[in-house]
Amino acid sequence: MFPRRRTAAIIPSATTMISAAASAAATMMLLRSLVREYLPAEFRSYIFYKFETLINSFSSELTLVVEEYDNLNHNNLFKAAELYLETIIPPDAKKLKISLANKESKFSLSLDKYQEIADTFNGVTLKWKFISKQVPTKYVPSSDKFNPTRISEDRFFELSFHKKHKDMVIDVYLKHVIKKSKELKEDKRSLKLFTLRHDRMSGRGGDVWQSVDLHHPSTFDTLAMDMEAKRTIMEDLDRFVKRKEFYRRVGKAWKRGYLLFGPPGTGKSSLIAAIANYLKFDIYDLELTDLRTNSDLRNLLVSIENKSVLMVEDIDCSIELQDRLAQARAMMPSRHNPAAFNQVNQNGMVLLVHTFFPAYDYLDEGICPQVTLSGLLNFVDGLWSGCGDERIIIFTTNHKEKLDPALLRPGRMDVHIHMSYCTPCGFKMLVSNYLGLTDHPLFPSVEALIETAKVTPAEVGEQLLKCEEPESVLTGLIEFLEGKKSERSKREDGNRDNNEEPGAAEGELAQELDGNNGEVVKKEVDGSSGEVVKKEEGAEEADGENGKIVKG
């Protein structure tokens, strides 16, 4: 028998393999050119989609795509994912993007293109991947309709996980992502101070507010107020922010109104900054004299964000808010007012229009239109006041008695806070802030003079700034207080000699009957204008909603 001859395996040469690969590549390029030339783009997309679906049918993985824009509108879930992923970046990550925003002190980390990161939630592993692709330039709407945002890349996240966890991811995990991103955003957010744009009336469009970062250092720890007053205010604020469901249940807009009244320099603006820092709310500074109509006021209210403080300073100087009923009675035609009666006979109903709707005076007298008391009341407590949640509205005034009673009632100005002259407690807070002192042999002398000198915290603070040596500063402060006390005594003596009419001299106490309970209230009257400038020592201001006492 002859042995079987083995056939040696024929191995193609390297030249043959390279030639075959080149032919295959050329064939593929030819097919690709033919497909692009003769098949419509829609048909090609359909074929690729079916092919991808076929491949995915053999996989147990499901992928959710979170795009930056959804039909040219910002996708809030994309921004939430960006913030959330920053908290789960592993320490062994190989490549990340880092940035520092303007006026920020903390760096921000984010995924670079095509980077992946894994997350574990309730025992389920999920993979995030960031993808960015160049696309033809397009424009998306922005807050300024005349300047849309220009974008040249599509950015999106791919979230992959086992398809059996689809319901859990959508119903639970994504809500968890949004909640954590809000917490991180609050921690990183810097407070803003908003004011009206000067060009909002020029037809430019866009946001009517412009802002700067709020870096005011005032806090409740540094305010020169009585400790009990500060504690009462903070408790009221804490109670307000926790009562969302309560306000909804009782049918009230979730807002709170405060009136800060007292002499200039008593810390009204500092208290507003302290409230904003305490709640971490932005401040919107509204100047009513910049507005033309009540419609402007409503438009501004709609544009204010939630979790904010709306500040209206010197409300008595902004627009005419005196008692409308007193004005109406003074001009009402009657047999006791023949001049007004004759005016009605001559002008018909024009007098009534002028009496009750002062904003229409410009129709006949050429006066520019302005915000009316009616418009302000609707703004504070009307239907439009419900266009937003968790808002604090703060009014300030040096003359509370000038305000219309309709504006002072609960629901509009819920809490009235009297910002008084500097007290011994306020002095101790100021000297602790300025000099770092908690006790000194000269403290009793200063406190005794502060009780009678009637100086504002601003005046005391100015004296404490003059020197850094405690002994010299306190000695100078005592001299200043003695001078203020002597000056006040001389002024009161001179007024008492020149004015014999009761209540005309500054410092003289006039008795006034309280219309609510029939009690006699003593008030100090300004001799130059007859205005009430100070309540009798020990007077208290009641919380307009629940009757609690708030002492300034």
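How each quantity is defined
- Residues numbered from 1 in each chain as written.
- Predicted model: local features only at pLDDT ≥ 70, side-chain atom pairs only at ≥ 80, totals over all residues.
- Heavy atoms only, no water.
- Pairing = 2+ DSSP bridges.
- Helix = DSSP H or I, 4+ residues; strand = E, 2+ residues; numbered from the N terminus.
- Axes fitted to C-alpha atoms, helices over the stretch in contact; angles between N-to-C directions.
- Polar contact = N/O pair within 3.5 Å; in protein donor to acceptor, adjacent residues only side chain to side chain.
- Buried < 20%, exposed > 50% of the residue type's maximum accessible area, 1.4 Å probe, protein only.
- Contact = heavy atoms within 4.5 Å.
- Right-handed = clockwise from strand over helix to strand, strands pointing away.
- Salt bridge = Lys/Arg side-chain N within 4 Å of Asp/Glu carboxyl O.
- Phe/Tyr/Trp six-rings, centres within 6.5 Å; stacked < 30°, edge-to-face > 60°.
- pLDDT = per-residue confidence, 0-100.
- Parallel < 35°, antiparallel > 145°, perpendicular 65-115°, else oblique.
- Left-handed = near helix turned anticlockwise from the far one by under 90°.
- Nonpolar A, V, L, I, M, F, W, Y, C, P; charged D, E, K, R; others polar.

Novice: For the sheet that holds strand S1 (residues 61–67), give the residues involved together with the corresponding values.
Specialist: Backbone-to-backbone hydrogen bonds pair the strands of a sheet. The strands run either parallel or antiparallel. Strand order in the open sheet formed by four strands is S1-S8-S7-S6, and the pairing between neighbours is antiparallel. The strands lining the two open edges of the sheet, one partner per strand, are S1 and strand S6 (116–121). Across this sheet, the average inter-strand angle for adjacent strands is 30°, counted without regard to direction. Of the strand pairs in this sheet, strand S7 (residues 124–140) and strand S8 (residues 149–162) are connected by 11 bridges, and their pairing is antiparallel.

Novice: Break down the side chain of Asp 213 for me, citing the residues and quoting the values.
Specialist: Tracing the backbone shows Asp 213 in strand S10 (residues 209–213). A polar side-chain atom of Asp 213 sits 3.4 Å from a polar atom in the side chain of Ser 190. Engagement of the side chain of Asp 213 in a polar contact is seen with the side chain of Lys 192, the distance being 2.3 Å.

Novice: How would you sum up the environment of Gly 265? Please name residues and give values.
Specialist: Its place among the elements puts Gly 265 in the loop between strand S11 (255–261) and helix H7 (268–279). A relative accessible area of 32% means that Gly 265 is categorised as partly exposed. Between the C-alpha atom of Gly 265 and that of Cys 422, which follows or precedes it by 157 residues, the distance is 9.7 Å. In this structure Gly 265 touches Thr 456, Pro 457 and Ala 458, once residues within four positions along its chain are discounted.

Novice: Which residues make up the pairing of strand S13 (residues 308–312), and what values do they have?
Specialist: Burial within S13 is extensive, with five of its five residues counted as buried. Where burial is concerned, the two faces of S13 agree: the one with Ser 308, Leu 310 and Val 312 and the one with Val 309 and Met 311 are both buried. Once the chain exits strand S12 (residues 282–285) it traverses helix H8 (residues 294–303) before rejoining the sheet at S13, and the crossover so formed is right-handed. Here S13 runs beside strand S14 (residues 391–397); their pairing, made up of five bridges, is parallel. The residue bridging Ser 308 from the neighbouring strand is Arg 391, located in S14.

Novice: Give me the lowdown on unusual backbone geometry, citing residues and values where you can.
Specialist: Even without glycine at this site, Asn 122 takes up a positive phi of about 55°. Mapped onto the elements, Asn 122 comes out in the loop between S6 and S7. A positive phi is found at Lys 454, a non-glycine position, where the angle reads about 55°. Its location among the elements puts Lys 454 in the loop between helix H17 (443–453) and helix H18 (457–464).

Novice: Can you break down the pattern of salt bridges residue by residue, with the values?
Specialist: In this structure the tally under the stated criterion is 13 salt bridges. Notably, a salt bridge pairs Glu 82 with Lys 79, separated by 3.7 Å at the nearest N-O pair. One end of the pair, Glu 82, and the other, Lys 79, are both in helix H3 (residues 76–87), three residues apart, so they sit about a helical turn from each other. Residue Glu 390 pairs with Lys 307 through a salt bridge whose shortest N-O separation is 3.2 Å. Taken together, the residues span a long stretch of sequence, with Glu 390 in the loop between helix H14 (373–381) and S14 and Lys 307 in the loop between H8 and S13 at a distance of 83 residues. A relative accessible area of 9% means that Glu 390 is categorised as buried. Since its relative accessible area comes to 38%, Lys 307 is described here as partly exposed. Residues joined by salt bridges that share partners form a network here, namely Glu 68, Lys 79, Glu 82 and Arg 155.

Novice: So what's going on with the sheet that holds strand S15 (residues 415–418)? Residues and values would help.
Specialist: Strand order across the open sheet formed by seven strands is S10-S9-S12-S13-S14-S11-S15, with mixed pairing between neighbours. In this open sheet, the two edge strands, each paired with only one partner strand, are S10 and S15. Taking the axes of each pair of neighbouring strands and ignoring which way they run, one obtains an average angle of 25° across the sheet. Judged from the four bridges that link them, S12 and S13 form a sheet pairing that is parallel. Each residue of the ladder has a partner; that of Asp 282, found in S13, is Ser 308. Relative to S11, helix H5 (residues 227–241) is tilted by about 160°, and along the sheet it contacts S11, S14 and S15.

Novice: Any chance you could break down the packing of aromatic side chains for me, citing the residues and the numbers?
Specialist: According to the stated counting rule, one finds 13 aromatic pairs in the structure shown. Judged by centre distance (5.0 Å) and plane angle (35°), the rings of Phe 78 and Phe 157 are tilted. Highlighted residues: Phe 78 in helix H3 and Phe 157 in strand S8, separated in sequence by 79 residues. According to the relative accessible area criterion, Phe 78 is buried, its value standing at 2%.

Novice: How would you explain the environment of Leu 237 if you had to name every residue and give the values?
Specialist: Mapped onto the elements of the fold, Leu 237 is located in helix H5. Along the backbone, Leu 237 and Leu 279 are 42 residues apart, and their C-alpha atoms lie at a distance of 7.9 Å. With residues up to four places along the chain from it excluded, the contact list for Leu 237 reads Phe 220, Tyr 258, Ile 275, Tyr 278, Leu 279 and Ile 392.

Novice: Please give an account of the confidence of the model for the protein that cites residues and values.
Specialist: Looking at the protein as a whole, the pLDDT averages 76, with 74% of positions reaching at least 70. Counting contacts from residues 322–326, a segment whose pLDDT is below 50, to residues more than four positions away or on other chains yields eight contacts. Note that pLDDT drops below 50 for residues 502–549; the model gives that stretch 93 contacts with residues more than four away or on any other chain.

Novice: Residue-level account of the packing of H8 against H14, with values.
Specialist: Where H8 contacts H14, the axes come no closer than 9 Å and their chain directions differ by 15°. With respect to each other, H8 and H14 are oriented roughly parallel. Crossing handedness for the pair H8 and H14: right-handed. Only Gly 375, Leu 376 and Phe 379 of H14 make contact with H8, whose side of the interface consists of Asn 294, Leu 297 and Leu 301. Of the residues in the contact of H8 with H14, the class split is four nonpolar, two polar and no charged.

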